[in-house]
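# Geometric and topological summary
Given next are the chains, with one letter for each unit.
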Amino acid sequence: MELLKPELGLIFWTTLIILVVYLLLSKFAWKPILDALKARESHIDNELKTAERVRTEMSQMKSQHEDLLRQAKEERSQILKEAKETKDAIVNEAKDKAREEAAKLLAEAKKEIDNYKMAALIEVKNDVGNMVVELSQKIIQRELSNKDEHLKYVNSMLDKSKLN
Amino acid sequence: MPYKSLTNKFLYLFIAFMAFAFSSVQAGHPEHPAHMEEKHADTPKTDEKYDAGSVIMHHITDSHEWEIYSKGHTHISLPLPVILYNIEHGLSVFMFSVFEHGHANYNGYYLDKKHHIQSLDGSAFYDLSITKNVLAMLVSSLILFLLFRSVAKRYQANPLQAPSGMQNLFEVLIIFVRDEIVKPMLKENTYRFLPYLLTVFFFIWINNLLGLLPSAANVTGNIAVTVTLALFTFFITMFNSSGHYWHHLLTAPGVPMGVKPILILVEVLSIFTKPFALLIRLFANMTAGHLIVLSFLSLIFIFGEMSAIAGYGISLFSLAFSVFIYCLELLVAVLQAYIFTNLSALFISEVLPHDNHHGEHAH
């Protein structure tokens, strides 16, 4: 058996063996292995794509969520502001009303006081008139001998009739 | 492209040819070593010289028996079946041991001095024996089949499961062949040729590795095996060659008229030189590795014949170097499988219709 001379028998057997090995491995090994690898790769690919999609969806949802939150916050502060304004308005109105009422009451009281004062004054005037009339009657009715005594009397009458 | 450097290749070839020349000289010697040992079996050994050339050749060439153990005159070897087809006498099948190492004739055949089977009447015959290399290939093919069948079963059981253990190891290799060797060359045709290229890759690799075992057969360092492998690639390229490829090759468009005939000649030659390069590269690389390891080990015995001390002294050096070369050979085993597969993929891609022609021009 020489080194550089290809033996025909060995070529024959090698051909046969490689053909058989090729056919057997193709059918029983390479096909299932390569198919499985392909299936797994496409599966992983799909999973990655799905994950990516879900991630973008999530981020979208998150931003939507944040928007909603921000809106809600704005709305809340708006409502609070409005409520404060309403409260202030109500309080102010109430104050105004109270002030008005108080003023009205004061005015009425003043008016009443005036009325009473007037009535009192009228009464005083009437009383004074009556008194003057009475006194005049009395003075006129009494005939005094002297002037001094007359004057004295008048004064005593006057003293007696204190205006109040 | 992962070509080995040219000088390296020439060095290997040089060593291979030197060894070949050396062995021819040895073979020209009237007594074959095996013969010699037989002859000396009955006389006490005295002047028997260690013949490195024939020992090495004996180890790297094919044989009709599988030598397991050999020390002095004790040879334990497994005789293998011999299958001969004679055009005149028909088929004869017998075990190699019937020749009794050249002492006996059988069925009109005898062993000549070089231990080649010859017919007594000089009639032509075909030797289709199950030789050492054939048996080694059968064993490695069986290992290959059982290995990948068990891996494939794991995939079939649950294709979406993450790979583990053996499956994981081979998945890496299969994906390497698919994505790093075949896909860049064949692109959309990848899955058409992938089964062949995977088979070739693992077939060469496992035979390279098993060939490194002690007393194993040097299958991929046998030129008949590499010729067959290269022929497979050659026929695949021929059967898949497109009209466009032949048109491009035989008309050499865009080349001046004067240069055309030369270029066409070169291109036509390249059809045959490509597979030739494939077969020589694998053969030379694997044979060279075996040669170097065996040569280093032979040094021990050559020096040992001079004096025992020299033998022991040189053994340290020899062992260190042969272990180093052995490790290198482990790398070469996968590298040569890779190169063969890669170049096969390249040659196939060149003949396919939808290939860009950069590859062709690169040559």
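First things first, this report covers the structure right here in the doc. Sequence order sets the numbering: in each chain, residues are counted from 1 along the sequence as written. Chain A is the first chain written and ligand 1 is the first ligand written, with later ones labelled in order. pLDDT decides what is reported in this predicted model: residues at 70 or higher carry local features, side-chain atom pairs at 80 or more are listed and counted, and totals for whole chains, interfaces and linings draw on all residues regardless. Only hydrogens and water are set aside; all other atoms, that is, all heavy atoms of the structure, feed into the side-chain values.

### Quick notes on the overall build of chain A
Heads up, the condition is: Runs of H or I in DSSP of at least four residues are treated as helices and runs of E of at least two as strands, each being numbered from the N terminus. Only C-alpha atoms enter the radius of gyration, while the globule expectation follows 2.2 Å times N to the 0.38, with N the number of residues. Here the term buried applies to any residue with accessible area under 20% of the maximum for its type, exposed to any over 50%, and partly exposed to those in between, with areas from a 1.4 Å probe on protein chains only. The accessible surface values rely on the Shrake-Rupley method and a 1.4 Å probe; as for residues, cover is taken only from the protein chains in view. Two residue types count as positive, namely Lys and Arg, and two as negative, namely Asp and Glu; His and chain ends fall outside the count. Taken as the charge centre is NZ of Lys, CZ of Arg, CG of Asp or CD of Glu, depending on the residue.
Per the secondary structure count, chain A includes two helices and zero strands. Expected size for 164 residues packed as a compact globule is a radius of gyration near 15 Å; at 63 Å, chain A overshoots this value by more than 25%. Residues counted as buried form 14% of the 164 residues belonging to chain A. Carbon and sulfur atoms make up 60% of the accessible area of chain A, which amounts to about 13,400 Å² in all. Across chain A, the 29 positively charged side chains and the 29 negatively charged ones have centroids separated by 2 Å.

### Focus: a negative patch on the surface
Heads up, the rule is: Patch membership requires over 30% relative accessible area and the absence of a salt bridge. Like charges are linked within 9 Å, and nonpolar side chains (Val, Leu, Ile, Met, Phe, Trp, Tyr) within 5 Å. The working definition used for a salt bridge is a side-chain nitrogen of Lys or Arg within 4 Å of a carboxyl oxygen of Asp or Glu.
A contiguous patch of negative charge, built from Glu100, Glu101, Glu108 and Glu112 of chain A, is present on the exposed surface. Along the chain, glutamate 112 of chain A turns up in helix 1 (residues 8-141).

### Things to note about a nonpolar patch on the surface
Residues Leu8 of chain A together with Tyr85, Ile87, Leu91, Val93 and Tyr126 of chain B make up a contiguous nonpolar surface patch of about 630 Å² in total accessible area. Mapped onto the elements, leucine 91 of chain B comes out in strand 4 (residues 90-95).

### Brief notes about the packing of aromatic side chains
Condition: Note on aromatic pairs: the rings of Phe, Tyr and Trp (six-membered ring only in Trp) are paired at centre separations within 6.5 Å, and the planes decide the class, stacked below 30 degrees, edge-to-face beyond 60, tilted for the rest.
Going through the model one piece at a time under the given rule, you end up with 24 aromatic pairs over all chains. Relative to tyrosine 106 of chain B, the ring of phenylalanine 94 of chain B lies with its centre 4.7 Å away and its plane at 55°, an arrangement referred to as tilted. Residue phenylalanine 94 of chain B is located in strand 4, and its partner tyrosine 106 of chain B is located in the loop between strand 4 and strand 5 (109-111); the two are separated by 12 residues in the primary sequence. Accessibility expressed as a relative area gives 5% for phenylalanine 94 of chain B, which makes it buried. Through pairs of rings, three or more aromatic residues link up here, namely Trp30 of chain A together with Phe148, Phe170, Phe201, Phe202 and Trp205 of chain B.

### So, the environment of isoleucine 181 of chain B
Within the secondary structure, isoleucine 181 of chain B is located in helix 5 (residues 165-186). Note: C-alpha distance between isoleucine 181 of chain B and serine 295 of chain B (114 residues apart in sequence) is 34 Å.

### Brief notes about the nonpolar core
Rules: Take the buried Ala, Val, Leu, Ile, Met, Phe, Trp, Tyr and Cys residues and link them wherever side-chain atoms come within 4.5 Å; each set so joined is a nonpolar core. Domains are outlined according to an automatic or database domain assignment. By definition in these notes, contact holds between two residues if any of their heavy atoms fall within 4.5 Å.
Counting 77 residues, the largest nonpolar core has Trp30 and Ile33 of chain A together with Phe148, Ile174 and Phe202 of chain B as the members making the most contacts within it. Elements with a minimum of two residues in this core: helix 1 of chain A together with helix 3 (52-60), helix 4 (132-157), helix 5, helix 6 (190-211), helix 7 (223-239), helix 9 (260-306) and helix 10 (308-351) of chain B. The dominant element in this core, judged by the number of residues it contributes, is helix 1 of chain A, at 13 residues. In terms of domain composition, this core takes at least three residues from each of domain 1 (3-16 + 134-362) and domain 2 (26-127) of chain B. Apart from the residues within four sequence positions on either side, phenylalanine 202 of chain B is in contact with Trp30 of chain A together with Leu144, Phe148, Phe170, Leu173 and Ile174 of chain B. Counting eight residues, the second-largest nonpolar core is a separate cluster that includes Leu84, Phe99, Tyr109 and Ile117 of chain B.

### Here we look at the sheet that holds strand 4 of chain B
All names here are of chain B. How we decide: Strand pairing is assigned whenever DSSP identifies at least 2 bridges connecting the two strands. A fitted line through C-alpha atoms represents every axis, and for helices the fit uses only the stretch in contact; the resulting angles, taken between N-to-C directions, go from 0 to 180 degrees.
The sheet built from three strands is open, its strands ordered 4-3-7 with antiparallel pairing. The open sheet has two edge strands with one neighbour each: strand 4 and strand 7 (125-127). Averaged over all neighbouring strand pairs, the angle between strand axes comes to 20°, with direction disregarded. Across three bridges, the pairing between strand 3 (residues 81-86) and strand 7 is antiparallel. Residue pairing for strand 7: asparagine 86 is matched across the bridge by phenylalanine 125.

### Here we look at empty space enclosed by the protein
Put simply, the test is: A 1.4 Å probe that fits but cannot get out identifies a cavity on a 1 Å grid over protein atoms alone, an open set with protein on both sides within 12 Å along at least five of seven lines counts as a pocket, and a residue lines either if it has an atom within 4 Å of a point. Grid points are joined across faces, edges and corners, and a volume is the space filled by probe spheres set on the points. In the scheme used here, Gly and all other residues not listed as nonpolar or charged are polar, with Ala, Val, Leu, Ile, Met, Phe, Trp, Tyr, Cys and Pro taken as nonpolar and Asp, Glu, Lys and Arg as charged.
With the rule as written, the count across this model stands at three cavities of 30 Å³ or more. As a volume, the largest cavity reaches approximately 90 Å³. Forming the boundary of the largest cavity are 13 residues, of which Thr237, Ile271, Lys274, Pro275 and Phe347 of chain B lie nearest the centre. Secondary-structure elements contributing two or more residues to the lining of the largest cavity are helix 7, helix 9 and helix 10 of chain B. Per-element accounting of the lining of the largest cavity gives the leading share, five residues, to helix 9 of chain B. Forming the walls of the second largest cavity are 11 residues, and the residues nearest its centre are Glu2 and Leu3 of chain A together with Thr61, Asp62 and Asn222 of chain B. Of the residues in the lining of the second largest cavity, the class split is four nonpolar, three polar and four charged. Two domains share the lining of the second largest cavity, each providing at least three of its residues, namely domain 1 (3-16 + 134-362) and domain 2 (26-127) of chain B.

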